[in-house]
Amino acid sequence: MGAPGLAGRSVAPSGEPTPKLSKYIAGCAAKLTGKCGAEIFHSFSGNNNNPSDSCCQKLVTTGIDCHNAFTEFLESKEPQENPSKISLRSLDIWNHCVAVAAKP
């Protein structure tokens, strides 16, 4: 699978996600458990911990568009982080989870 391409920014000038993105993220998050949402969020912390196999399965089930929306949301909430660092970590997490999901 190719690299996730982040679509154009869906962030208001205030740094808050636009209502459309917020609604979309809420729908995506509803497909994850709270535990998996937290695991995936903490996977971005730079300690190179990946989500568990079961959470990876759920992330891949939500799809690349949801993963990209989560990444965009995180970039909007973590302005002190380098967006390219977050994007690279996002790609690492997604590729790891796709490999886990592909296991028989």
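Here the structure is a predicted model, which means the values were calculated and not measured.

(A) How the structure looks around the overall build of the protein. Of regular secondary structure, the protein possesses five helices and zero strands. Along the protein, helices (α) and strands (β) appear in the sequence α-α-α-α-α when read from the amino end. In the protein, which comprises 104 residues, the proportion classed as buried is 32%. Partitioning the contacts of the protein with sequence separation of at least 6, the portion at a separation of at least 24 is 71%.

(B) Just the packing of helix α2 (residues 34-43) against helix α3 (residues 53-62), in detail. Look at α2 against α3: their axes get within 10 Å of each other, and the N-to-C directions meet at 90 degrees. On the basis of the axis angle, α2 is roughly perpendicular to α3. Residue-level contacts link Lys35, Cys36, Glu39 and Ile40 of α2 to Cys55, Lys58 and Leu59 of α3. Looking at side-chain class alone, the contact of α2 with α3 contains four nonpolar, no polar and three charged residues.

(C) Summary view of the pattern of salt bridges. By the definition in use, this model includes one salt bridge. The residue glutamate 39 makes a salt bridge to lysine 35 at a minimum N-O spacing of 2.7 Å. Residue glutamate 39 and its partner lysine 35 are located together in helix α2, separated by four residues, close to a single helical turn. Judged by relative accessible area, glutamate 39 falls into the partly exposed class, the value being 22%. On the accessibility criterion, lysine 35 (53% relative accessible area) is exposed.

(D) Geometry of the nonpolar core. Ile40, Phe44, Leu59, Phe70, Ile93 and Cys97 are the most contacted members of the largest nonpolar core, which totals 16 residues. For this core, the elements supplying multiple residues, two or more each, are α1 (19-29), α3, α4 (64-77) and α5 (83-102). If one sorts the elements of this core by residue count, α5 sits on top with five residues. The contact partners of phenylalanine 44, leaving out residues within four places of it in the chain, are His67, Thr71, Leu74, Ile86, Arg89, Ser90 and Ile93.

Rules of the game
- Residues numbered from 1 in each chain as written.
- Predicted model: local features only at pLDDT ≥ 70, side-chain atom pairs only at ≥ 80, totals over all residues.
- Heavy atoms only, no water.
- Helix = DSSP H or I, 4+ residues; strand = E, 2+ residues; numbered from the N terminus.
- Buried < 20%, exposed > 50% of the residue type's maximum accessible area, 1.4 Å probe, protein only.
- Contact = heavy atoms within 4.5 Å.
- Axes fitted to C-alpha atoms, helices over the stretch in contact; angles between N-to-C directions.
- Parallel < 35°, antiparallel > 145°, perpendicular 65-115°, else oblique.
- Nonpolar A, V, L, I, M, F, W, Y, C, P; charged D, E, K, R; others polar.
- Salt bridge = Lys/Arg side-chain N within 4 Å of Asp/Glu carboxyl O.
- Core = buried A, V, L, I, M, F, W, Y, C linked by side-chain atoms within 4.5 Å.

Honestly, it's all geometry; don't read function into it.
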